[in-house]
Amino acid sequence: MTEVPALHQELVTVDGLEDFLLRTLDRLRGDVILPFPQIIGPLLLLKRASDQPDFLHLPEDCRWNSVLDGGPDRLGESLNRALAALEANNSALRDLFHHVDFNDPKQDRHVLAELVGSVSELSLSDDVLEFPDVVGRAFDRLLMRSASAVGAKGSESFTPRTVCQLMAELVDPQPGQSIADPHAGSGGMLLSATQYVTEHGGNQTDLFLYGQEKNGTAWLTGRLNLLLHGLINHVVAHSDSLIDPLQRGAYELAQFDRVLTAPPFSLNYSRHGMRYPERMRYGWVPEGGKKADLMFVQSVLSVLRPDGTGAVVVPQGVLFRSGVEGQIRRGLIEDDRLEAVIGIGSNVFYNTGIPACILVLKGARGRPVDRRGTVLFINAEHEVSVGRSKNRLDAQHIAKIVDAFLGRRDVPGFARVVSLKELRDNDFNLNIRRYVDVVPPSEPLLDIGAALTGGVPWREVESQAAPFNAFGIDLDELLLPDRPGYRRFPSAGYEATSARIPDLASAQQQAFLAGAREWWRGHKELVSQLASAGFVPADVRSQLEASLCQELIPLGLLDRYQLLGAVASWWAEHEDDLQALSAYGFPGVVRRWSSLAKDRSRLPERSQPGEEAGFVLSVLGNDLYRRIEHLVSDECQNLVDTYLRWGQRYATSMADLEERYHTAANRLRNRMAALGYF
């Protein structure tokens, strides 16, 4: 565990650096001629190499201060010279800055000087960075903001990072393996693979990272992103993976243990000049139809090692289009190369709003015997958080998808294992809804007897009784006996009666939440283990999830996916806190919170040495408890909503309406008579 930085030393956090860069770029927006990744990325890399000498090799006369010594009039020239030296002294950076020119006469020198002056205010040495990858993560967040701002056309090369995280969990990369992304874009897939390995106790230096990217701007951006994350020894070629895939040696196609990628959707392609055409063993789609998606899939299959795993994001049209695409699907299914089809929600990607899916692929001999001849379908189209302009795949959604994928079992309305025979009977149509329908159950048909003469049909109540029973609510307290097969609402009315439900549920709800509190008291030491050497974050999280489910599922209020989602969202929210705990111990977490203005309100006025562990665990435990409490409260509200629906359907019958009509008519007749009209 690293010693906690001195209290007087201001740590550079991801949030702080991102905020600083945003303010800088907002001030200069519209005044720089290069896209911001091409101007801020090289500057950050040069500053990082200057401040942390063992990060990259850089001659002394080309370091940041030497660039500034050249004066404002020669600033562009000095930057170009320094970047050339950085490239020349690091073989991993060869040709990286070929199209970066800070001395372009179109560039305003005063604007460049202001930008360089802002970066000069930063110290990017390990001594002041909260974590070694702070610079890379801040840069990656800027890329995300840029992708969100520019819309579809400018964000083709940026895949939402939660999608990348999901892909990494699906392919399960291991230390010592080769990882590839044939459409590397901004580097998100490769970054997620390294983060996954690190969280599972491995070292990112034990991975061999490869990629290709056709777009020059995206290639530079992705390379800078990987470098700023500290991933120096990677190979990302500036080339088209469909036309010219990576080679091993002079004449052999390179193969990889894991491939995860999100190719651009619905492109044209050309067979002319394509190397290794034998990759397309299952067929060739028409060249001009903007349907090259399954060509990318076949290319991934061709570069998987025999025991390898791949995951490819494709539009859902590839699942059911006929013709050659149907033949391609048939070939890869009958050869047992398709492990799973996972449908994800619409409007998640920055460059398109159409629904997409993930195909999980296996090498030629990569599937266990008990999985052969089957395909797992997961319909996660509703596993998104709806936003104003884009939907988000969040941590709780990833947790549910991954759990269903690893469990490989049928989950009603979500996942299903489908046999080869059934796929063959459906002519290899892989439309997800054909196998897993997530359409919510329709309202039961209106009971005619209840509609005519009143009452609530008991069979309709019984079908929805389980959640009421879980909360300890006796339905006899909410619905009174009536004629056989029916109940009636109490005289207070259904709306007043529904207001009693939270009180009736309170005892069971409090017992459940007390169980959650007790679980945390008994298992919070699992989190404390992160402060000790040798404990793997992913193992700690798995133990928390398993123990929470074991303790609370039998109580009946929340299911497995709700509990997994609560832990997942909590873990994601506190990712940096937990990393600080692992790096610096409990004092480091308190130090971190004290440096973040938004968290100062939750710190004690005077923190006492030695009390940090109890305080940190209390804050973390309370936040997880609030998430569970919110889920339980939602379930209780669902009971109220269910009861109100019964009231809206059956509280007023035709007989009631007729009686009201006669009562109103008699009242009107009596009133008219009193006025002398009769």
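My aim in this report is to walk through the structure given alongside it, one point at a time. Owing to the predicted nature of the structure, the values given are computational and were not obtained by experimental measurement.

**Regarding the overall build of the protein chain**
Phase 1 of the analysis: Scanning the protein chain from terminus to terminus reveals 25 helices and 14 strands.
Phase 2 of the analysis: When the backbone C-alpha atoms are referred to their principal axes, the protein chain occupies close to 105 × 70 × 60 Å.
Phase 3 of the analysis: Per-residue burial for the protein chain yields a buried fraction of 52% across its 678 residues.
Phase 4 of the analysis: Across the protein chain, every contact between residues at least 6 apart in sequence was considered, and the portion connecting residues at least 24 apart equals 75%.
Phase 5 of the analysis: Looking at charge distribution, the protein chain has the averaged site of its 71 positive side-chain charges lying 5 Å from that of its 88 negative ones.

**Some words on the sheet that holds strand S13 (residues 480-481)**
Phase 1 of the analysis: The strand order across the open sheet formed by three strands is S12-S14-S13, and the pairing between neighbours is antiparallel. Two strands close off the open sheet at either side, each with one partner strand: strand S12 (456-457) and S13.

**Overview of the pattern of salt bridges**
Phase 1 of the analysis: Going through the model one piece at a time under the given rule, you end up with 42 salt bridges.
Phase 2 of the analysis: One salt bridge in this structure joins Arg248 and Glu252, with 2.4 Å as the shortest N-O distance.
Phase 3 of the analysis: A relative accessible area of 40% places Glu252 in the partly exposed class.
Phase 4 of the analysis: For Asp623, the salt bridge is made with Arg626, and the minimal N-O distance between the two is 3.8 Å. Separated by three residues within a single helix, Asp623 and Arg626 lie in helix H24 (residues 612-650), roughly one turn from each other.

**Remarks on the packing of helix H7 (residues 161-171) against helix H8 (residues 188-199)**
Phase 1 of the analysis: Running from N to C, H7 and H8 point in directions that differ by 55°, and their axes come no closer than 8 Å. Relative to H8, H7 is oriented oblique. Viewed along their axes, H7 and H8 form a crossing whose handedness is right-handed. Residue-level contacts link Arg161, Cys164, Gln165, Met167, Ala168 and Glu169 of H7 to Gly188, Met189, Ser192, Ala193 and Tyr196 of H8.

**Brief notes about the nonpolar core**
Phase 1 of the analysis: With 166 residues, the main nonpolar core has Leu45, Ile342, Ile358 and Ile628 as its most contacted residues.
Phase 2 of the analysis: Counting residues per element, this core draws most heavily on H24, at 15 residues.
Phase 3 of the analysis: Apart from the residues within four sequence positions on either side, Ile358 is in contact with Leu166, Met167, Leu170, Ala311, Val312, Val313, Ala340, Val341, Ile342 and Ile344.
Phase 4 of the analysis: Residues Met274, Cys357, Ile432 and Val436 belong to the second largest nonpolar core, which totals 44 residues.

**Some thoughts on the packing of aromatic side chains**
Phase 1 of the analysis: For the structure shown, the criterion picks out 13 aromatic pairs.
Phase 2 of the analysis: Between Trp570 and Trp571 the ring centres are 6.2 Å apart and the planes differ by 65°, which places this aromatic pair in the edge-to-face class.
Phase 3 of the analysis: For Trp570, a relative accessible area of 0% corresponds to the buried category.
Phase 4 of the analysis: Pairwise contacts between aromatic rings join Phe468, Phe489, Tyr494, Tyr643 and Trp646 into one cluster.
Phase 5 of the analysis: Taking the ring centre of Trp284 as reference, the NZ or CZ of Arg271 above it sits at 3.8 Å.
Phase 6 of the analysis: Taking NZ or CZ as reference, Lys400 lies 4.5 Å from the ring centre of Phe414, over its face.

**Re the side chain of Glu18**
Phase 1 of the analysis: With respect to the helices, strands and loops of the structure, Glu18 is situated in helix H1 (residues 14-28).
Phase 2 of the analysis: A distance of 2.8 Å separates a polar atom in the side chain of Glu18 from a polar atom in the side chain of Arg145.
Phase 3 of the analysis: Not counting residues within four places of it along the chain, the set of residues in contact with Glu18 comprises Ala138, Arg141, Leu142 and Arg145.

**Considerations on H7**
Phase 1 of the analysis: The buried count for H7 comes to eight of 11 residues, which makes it a mostly enclosed element.
Phase 2 of the analysis: Buried residues of H7: Arg161, Val163, Cys164, Leu166, Met167, Ala168, Leu170 and Val171, and no others.
Phase 3 of the analysis: Looking at the residues trailing H7, positive phi occurs at Asp172, about 55°.

**What to know about the pairing of strand S1 (residues 178-181)**
Phase 1 of the analysis: Residues of S1 alternate between two faces, with Ser178 and Ala180 on one and Ile179 and Asp181 on the opposite face, all of them buried.
Phase 2 of the analysis: In the sheet, S1 pairs with strand S2 (residues 208-212) via four bridges, with the strands oriented parallel. The residue of S2 that forms the bridge with Ser178 is Phe208.
Phase 3 of the analysis: Relative to strand S6 (residues 256-261), S1 is paired through two bridges, and the arrangement is parallel.

Cut-offs and rules
- Residues numbered from 1 in each chain as written.
- Predicted model: local features only at pLDDT ≥ 70, side-chain atom pairs only at ≥ 80, totals over all residues.
- Heavy atoms only, no water.
- Helix = DSSP H or I, 4+ residues; strand = E, 2+ residues; numbered from the N terminus.
- Buried < 20%, exposed > 50% of the residue type's maximum accessible area, 1.4 Å probe, protein only.
- Contact = heavy atoms within 4.5 Å.
- Lys, Arg positive; Asp, Glu negative; His and termini not counted.
- Charge placed at Lys NZ, Arg CZ, Asp CG, Glu CD.
- Pairing = 2+ DSSP bridges.
- Salt bridge = Lys/Arg side-chain N within 4 Å of Asp/Glu carboxyl O.
- Axes fitted to C-alpha atoms, helices over the stretch in contact; angles between N-to-C directions.
- Parallel < 35°, antiparallel > 145°, perpendicular 65-115°, else oblique.
- Left-handed = near helix turned anticlockwise from the far one by under 90°.
- Core = buried A, V, L, I, M, F, W, Y, C linked by side-chain atoms within 4.5 Å.
- Phe/Tyr/Trp six-rings, centres within 6.5 Å; stacked < 30°, edge-to-face > 60°.
- Lys NZ or Arg CZ within 6 Å of the ring centre and 35° of its normal.
- Polar contact = N/O pair within 3.5 Å; in protein donor to acceptor, adjacent residues only side chain to side chain.

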